[in-house]
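Overview (structure and organization)
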Amino acid sequence: MNRFSLEGRKALVTGANAGIGQAIAVGLARAGAHVTCAGRRGCGETLEMIGGGDELLLDFADPMAARDTFTGAGYDILVNNAGIIRRADAVDFTEADWDDVIDVNLKALFFTCQSFAKAALAESRPAKIINIASLLSFQGGIRVPSYTASKHGVAGLTKLMANEWAAKGVNVNAIAPGYIETANTEALRADTERNQAILERIPAGRWGQPEDIADTAVFLAAPASDYLHGAVINVDGGWLAR
Ligand code: NAP
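Throughout what follows, the structure given in this document is the object of discussion.

1. Remarks on the overall build of the chain
Assigned secondary structure in the chain consists of seven helices and seven strands. When its helices and strands are written in sequence order, the chain yields β-α-β-α-β-β-α-β-α-β-α-α-α-β. Along the three orthogonal principal directions, the C-alpha set of the chain runs to about 50 × 35 × 35 Å. The buried share among the 242 residues of the chain stands at 49%. In the chain, the share of contacts with a sequence separation of at least 24, taken over all contacts with a separation of at least 6, comes to 68%. Carbon and sulfur atoms provide 50% of the accessible area of the chain, an area that totals close to 11300 Å². The centroid of the 22 positive side-chain charges in the chain is displaced by 5 Å from the centroid of its 28 negative side-chain charges.

2. Section: the site of the ligand
Not every one of the 27 residues close to the ligand is listed here, only the nearest: N17, R40, R41, Y147 and T182. Contacts to the ligand include T182, whose side-chain N or O atom sits 2.7 Å from an oxygen atom. For the ligand, the accessible surface in isolation is 880 Å², of which the surrounding protein chains cover 92%. Of the residues belonging to the shell around the ligand, the class tally is 13 nonpolar, ten polar and four charged.

3. As for the pattern of salt bridges
Scanning all chains against the criterion turns up seven salt bridges. Between D62 and R67 there is a salt bridge, with the nearest N and O atoms lying 3.5 Å from each other. For D62, a relative accessible area of 33% corresponds to the partly exposed category. We classify R67 as partly exposed; its relative accessible area is 46%. R125 is paired through a salt bridge with E123; the nearest N and O atoms lie 2.5 Å apart. Under the relative-accessibility criterion, R125 is labelled buried at 14%. Beyond isolated ion pairs, a larger network of salt bridges with shared partners links R86, D97 and D100.

4. Some details on the pairing of strand 6 (residues 170-177)
Remember that side chains alternate between the two faces of the sheet whenever the strand is regular. By the criterion of burial, strand 6 is predominantly enclosed, with eight of the eight residues buried. Here strand 6 shows no split at all, with V170, V172, A174 and A176 on one side and N171, N173, I175 and P177 on the other all buried. Sheet topology note: the strand 5 (residues 127-132)/strand 6 ladder contains six bridges and is parallel. Bridge assignment links A127 to a residue of strand 6, and that residue is V170. Running through helix 4 (residues 145-165), the crossover from strand 5 to the neighbouring parallel element strand 6 is right-handed.

5. Description of the side chain of S225
With respect to the element layout, S225 can be found in the loop between helix 7 (210-221) and strand 7 (232-235). For S225, a relative accessible area of 1% puts it in the buried group. Polar contacts involving the side chain of S225 include one to the main-chain carbonyl oxygen of F219, which spans 2.8 Å.

6. Considerations on the packing of aromatic side chains
Geometrically, a pair of aromatic rings is defined through the distance of the ring centres and the angle of the planes. Considering all chains together, one arrives at six aromatic pairs under this definition. Relative to F116, the ring of F70 lies with its centre 5.4 Å away and its plane at 85°, an arrangement referred to as edge-to-face. Within this pair, whereas F70 is found in the loop between strand 3 (54-57) and strand 4 (77-80), its partner F116 is found in helix 3 (residues 95-122), the two being separated by 46 residues in sequence. One exposure class covers both F70 and F116, and it is buried. Ring geometry for Y179 and W207: centres 5.6 Å apart, planes at 90°, overall edge-to-face. Of this pair, Y179 sits in the loop between strand 6 and helix 5 (186-190) while W207 sits in the loop between helix 6 (192-201) and helix 7, placing them 28 residues apart in sequence.

Criteria and thresholds
Positions within a chain are numbered from 1, following the residues in the order the chain's sequence is written. In keeping with the model being predicted, local features are shown solely for residues with a pLDDT of at least 70 and side-chain atom pairs are shown and tallied solely at 80 or more, while totals for entire chains, interfaces and linings include all residues. Hydrogens and waters are ignored; side-chain quantities use all the structure's heavy atoms. The helix and strand labels rest on DSSP assignments: H or I over at least four residues marks a helix, E over at least two residues marks a strand, and numbering proceeds from the N terminus. Note on classification: 1.4 Å probe, protein chains only; a residue is buried when its accessible area is under 20% of the maximum for its type, exposed when over 50%, partly exposed between these limits. Any two residues whose heavy atoms approach within 4.5 Å are treated as being in contact. Accessibility throughout is a Shrake-Rupley quantity obtained with a 1.4 Å probe, and a residue counts as covered only by protein chains that appear here. A residue counts as positive if it is Lys or Arg and as negative if it is Asp or Glu; His and the chain ends are not included. By convention, the point assigned to a charge is CZ for Arg, NZ for Lys, CD for Glu and CG for Asp. Near is defined per residue: the residue qualifies when any heavy atom it owns lies within 4 Å of the molecule or strand. Any pair of nitrogen or oxygen atoms within 3.5 Å is treated as a polar contact; in protein, a donor-acceptor pairing is required on top of that, and neighbouring residues in sequence qualify only through side-chain atoms on both sides. Polarity classes work like this: nonpolar for Ala, Val, Leu, Ile, Met, Phe, Trp, Tyr, Cys and Pro, charged for Asp, Glu, Lys and Arg, and polar for all others, with Gly in that last group. By definition, a salt bridge exists where a carboxyl oxygen of Asp or Glu is found within 4 Å of a side-chain nitrogen of Lys or Arg. A strand pair is defined by DSSP finding two or more bridges across the two strands. Crossover handedness is defined by viewing with both strands directed away from the observer: a clockwise path from the first strand over the helix to the second marks the crossover as right-handed. Note on aromatic contacts: the rings of Phe and Tyr and the six-membered ring of Trp form a pair at centre separations within 6.5 Å, being stacked when their planes are under 30 degrees apart, edge-to-face when over 60 apart, and tilted otherwise.

This is the structure we're talking about:
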């Protein structure tokens, strides 16, 4: 048996229309999984890249949006990738920017995990949850208070859920991406000085690609990682090692 194969598995990836989520959806499909691409808008481009799969509209502005998604649907793998960021000085940060980010990045992530795990546990089906954390699960960042709070929360919840579900066959782990080339980081790369400073700080000397994250996600979704529980894996070109 190939312990890195996802043949016969059914996966759902949130925020799969672009960036890291799109690469993860494609990576899981290449490894053999049937992938449902979930997002607040269509995932046509991703489905084309995969050459199959399903699409599901889920808007996590309602953090309970996935409450009815998993019961009886037979999912083995859940990737919580959808996320947003708001930037402002801490002294000026608004309640709306706090609530919006916490709702999508943290509250929706928890209740989507809960709904997925409930279905898997009820059917005694082994399952894998992969949460997308951040360097700001470990560092403070600057001008992004709700993002930092949400991503620290993602790391904590990943461990909590692993503690509760590991013995029941549900693996919960997270990936903390470093600086990855997506629409999310376009402004940083466009700022020559900031880009240079970031590159100098990354031991690998390059930005990460969404595929770097996808490959780790395939590992965390596959039988090869069956003994991994509650880990937050940095895929950051060495940033946190420095
Ligand atoms: P992105 O291209 O902006 O992707 C974010 C995804 O989340 C998009 O598909 C987006 O959909 C979706 N999303 C946002 N709000 C949503 C909502 N209310 N309901 C459903 N889906 C929603 O950025 P990315 O860089 O690929 O980020 C993906 C994840 O990686 C995020 O959790 C982010 O925090 C994390 N991350 C990224 C980096 C990086 O360097 N890029 C580093 C660390 C962590 P729309 O296209 O409709 O907005």
